[in-house]
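Chain and residue survey
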Amino acid sequence: MSDQHKGAQIMFSTMQDAPLSIARILQQGSGPHGASAEVVTWTGEGARRSSYAEVGRRAARLAHALRDLGVTGDQRVGTFMWNNAEHLAAYFAVPSMGAVLHTLNIRLFPDQLCYVANHAEDQVVLVDSTLLPLFQKLLPELRTVRHVIVVGGDKAALEAPTGVEVHGHEELLDGRPEEFDWPELDERSAAAMCYTSGTTASPKGVVYSHRSVYLHSMQVCMTDGMAMSQADRSLAVVPMFHAMSWGLPYAAFMVGASLIMPDRFLQPEPLVKMIAEERPTMAAAVPTIWQGVLQYLDADPHDMSSLREVVVGGAACPPSLMKAFEEKYDISVLHAWGMTETSPLGSVARPPVGITGEQRWTYRASQGRLPAGVQGRLVGDDARVLPWDGKSVGELEVRGPWIAGAYYGDDDPEKFRDGWLRTGDVGFITPDGFVRLTDRAKDVIKSGGEWISSVDLENKVMAHPAVAEAMVIGVPDEKWSERPMVAVVLREGQQADAAELREFLSGEVARWQLPEYWTFIPEAPKTSVGKFDKKRLRRQHADGELDITHLT
Ligand code: AMP
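For clarity, every value in this text was computed on a predicted model and none was experimentally measured.

What follows deals with the packing of aromatic side chains. Taken as a whole, this structure holds 10 aromatic pairs when the rule is applied. Plain terms: the ring middles of Trp290 and Phe325 are 5.8 Å apart, the flat faces sit at 90° to each other, and that makes the pair edge-to-face. Residue Trp290 is located in helix 10 (residues 287-299), and its partner Phe325 is located in helix 11 (residues 319-329); the two are separated by 35 residues in the primary sequence. Judged by its relative accessible area of 1%, Phe325 is buried. Note on Tyr363 and Phe434: the rings are 4.7 Å apart at their centroids and 70° apart in plane angle, and the pair reads as edge-to-face. On the criterion of sequence distance, the pair formed by Tyr363 in helix 12 (residues 357-365) and Phe434 in strand 22 (residues 434-440) is long-range, its members being 71 residues apart. With a relative accessible area of 14%, Tyr363 lands in the buried category. Judged by relative accessible area, Phe434 falls into the buried class, the value being 2%. Taking the ring centre of Trp451 as reference, the NZ or CZ of Lys446 above it sits at 4.5 Å.

Right, dumping it as structure tokens:
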């Protein structure tokens, strides 16, 4: 507060103080949009459908069942599930009844999963029957879980330790009332939690509030956000266990957009079939998913004409991918940046009005503009705040009503500075507010004292027609201390050697940035959420597992 205002009386508004809540979003989706919007769950052969009214009724029945199992107050209810209608009902039932939804990332290592479920003190876990073999291994280590609800399949397939009861989802919901008297909650109370992937230290819990979810959903629907509206059918490829599925489920209920859920069918072939048959207007996933879809389509064309826009984020989107979608299929790729800690929508790359031609690509390839709800600043090595001049490079820090201000039960002073979240992402911001990230702080390559952007090199190598994927890491070098090494995955049936790829890069990057270390790998190592896993590549390099070509 400025000195001028200290001690001054505050004049309050005459507005009502209605809490922003997930129950309100549920009422809107299952009421006014209850008949017109639907959730479609892929089954492998086809689809099963539920109207939003039906999802609302099932959410009420689930809430009654959870109450009967003793879920009260802010107890945590975990989900160990794919993207499907049952998961969607849990997304609404658990927070709306006042408990806290904890989406467990099924792809974390078992010891990390046990750590997060124990750390969050999950009382109940809903598990998809197709994931029971995986869950079975964890269950004996889960210290606070008292009830497991098996969704689909046979509950008898799960062997429970003493003190844990197993229930079948359908029989548990059977005969329960189809309405629930959703309590009026404090909008700042916890609604849901998600742990970050924790590539180095233990995973950290991000706890979203009703207020943050509500405001974030509005941002997803804004025209300059993801522009979701009642006219949309949204294909949510991004898992519901990762960063609240980029806000799609809640936003879709807010405006009455339909949802298409792939369940466990996340490979290019079923995704393409889903798109051709269910005709989504928008879709969201990490770049590696779209690379796979593109390759599949090259070999086996399908009708993609329903898609107006595909949101790509979670990792830098190679411009070659954007151009291929636009040129071959007339689908616009929208690049977006965010983190689990940012709910996750941070910035969205829609070029300013009037920008056309080649200049458009500069904007579209950037991470985009931060909206009013996300304030950003760049901070240099010496903790100085840097200008938005399109040149000064520093770490991006953000703050706002849907940005984490702390981790759950874990002081991590490294990640927060004076109320700002330190993103660990490095780049610059243009005077008109577009963020361009050059690297993760820990992935930055420093060669002879000069920075080299690994992301920039990756994008340029991936523009070669024979290259499916390219990862760049810094490797030790006697003369320059560190030099870039490129790990290349070639497209099926395509050939290119290190010399040819380096030649392709010359003219695109400064001579001193041209990589001399190259390796060809059958598959790029990926994290639990499908991003390039550079830590694993570094380890493979350090362990001498890679066959490296050294060009002189
Ligand atoms: P997670 O919390 O697992 O979703 O990871 C968040 C991190 O993913 C960010 O801090 C970035 O490093 C990275 N990321 C997300 N979106 C982008 C993007 N569009 N471009 C580059 N990196 C991104």
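Picking up where we left off.
Turning our eyes to something else, we now look at the UniProt feature "domain: AMP-binding enzyme C-terminal" (unreviewed entry) in the protein. Mapped onto this numbering, the UniProt entry gives "domain: AMP-binding enzyme C-terminal" (unreviewed entry) at residues 457-531. Helix makes up 19% of residues 457-531 and strand 33%, with an end-to-end C-alpha separation of 17 Å.

If you walk through the whole model with that rule in mind, you get 35 salt bridges. Salt-bridge contacts for Asp298 lead to Lys328; the nearest nitrogen and oxygen are separated by 3.1 Å. Of this pair, Asp298 sits in helix 10 while Lys328 sits in helix 11, and the two are 30 residues apart along the sequence. Residues Arg384 and Asp382 are paired through a salt bridge, measuring 3.1 Å at the closest nitrogen-oxygen approach. By relative accessible area, Arg384 is classed as exposed at 52%. Each member of the salt-bridge network shares a partner with another, and the members are Arg377, Glu395, Glu397, Arg417 and Arg422.

Before going further, it helps to spend a moment on the pairing of strand 1 (residues 38-42). A large share of strand 1 lies buried, amounting to five of its five residues. Hairpin connection between strand 1 and strand 2 (residues 47-51): a loop of four residues separates the two successive antiparallel strands, and Gly44 in this loop has a positive phi of roughly 105°. Judged from the three bridges that link them, strand 1 and strand 11 (residues 258-261) form a sheet pairing that is parallel. Looking at the pairing, Val39 lines up with Leu259 of strand 11.

Here we come to helix 3 (residues 85-96). Over its 12 residues, helix 3 extends 17 Å from the first C-alpha to the last, a length consistent with the 16 Å expected when each residue adds 1.5 Å. Burial of helix 3 is extensive: 12 of the 12 residues sit out of reach of the surface. Just downstream of helix 3 lies Gly98, where phi reads positive at about 105°.

On to the sheet that holds strand 4 (residues 100-103). Read from one edge of the open sheet, seven strands run 7-6-5-3-4-8-9, paired in mixed fashion. Lying at the two open borders of the sheet, with one neighbouring strand each, are strand 7 (165-168) and strand 9 (205-209). Strand-to-strand twist of the sheet, defined as the mean angle between neighbouring strand axes without regard to direction, takes the value 20°. In the sheet, strand 4 pairs with strand 8 (residues 190-195) via two bridges, with the strands oriented parallel. Bridge pairing links Leu101 to Ala192 in strand 8.

Attention now goes to the site of the ligand. The environment of the ligand is made up of 16 residues, and the closest members are Ala336, Thr340, Asp425, Arg440 and Lys531. Within the contact set of the ligand, a nitrogen atom lies 2.9 Å away from a side-chain nitrogen or oxygen of His335. Within the backbone of Ala336, one N or O atom sits 2.8 Å away from a nitrogen atom of the ligand. Considering the ligand on its own, with 500 Å² of exposed area, one finds that the protein chains cover 89% of that surface. Taken together, the elements giving at least two residues each to the shell around the ligand come down to strand 14 (332-338) and strand 21 (420-429). Of the residues forming the shell around the ligand, the biggest block, four residues, is contributed by strand 14. Partitioned by chemical class, the residues of the shell around the ligand number five nonpolar, eight polar and three charged.

Cut-offs applied
- Residues numbered from 1 in each chain as written.
- Predicted model: local features only at pLDDT ≥ 70, side-chain atom pairs only at ≥ 80, totals over all residues.
- Heavy atoms only, no water.
- Phe/Tyr/Trp six-rings, centres within 6.5 Å; stacked < 30°, edge-to-face > 60°.
- Helix = DSSP H or I, 4+ residues; strand = E, 2+ residues; numbered from the N terminus.
- Buried < 20%, exposed > 50% of the residue type's maximum accessible area, 1.4 Å probe, protein only.
- Lys NZ or Arg CZ within 6 Å of the ring centre and 35° of its normal.
- UniProt positions renumbered as here; feature names shortened; annotations may be inferred.
- Salt bridge = Lys/Arg side-chain N within 4 Å of Asp/Glu carboxyl O.
- Pairing = 2+ DSSP bridges.
- Expected span 1.5 Å × (residues − 1).
- Axes fitted to C-alpha atoms, helices over the stretch in contact; angles between N-to-C directions.
- Near = heavy atom within 4 Å.
- Polar contact = N/O pair within 3.5 Å; in protein donor to acceptor, adjacent residues only side chain to side chain.
- Areas by Shrake-Rupley, 256 points an atom, 1.4 Å probe, with all protein chains shown as cover.
- Nonpolar A, V, L, I, M, F, W, Y, C, P; charged D, E, K, R; others polar.

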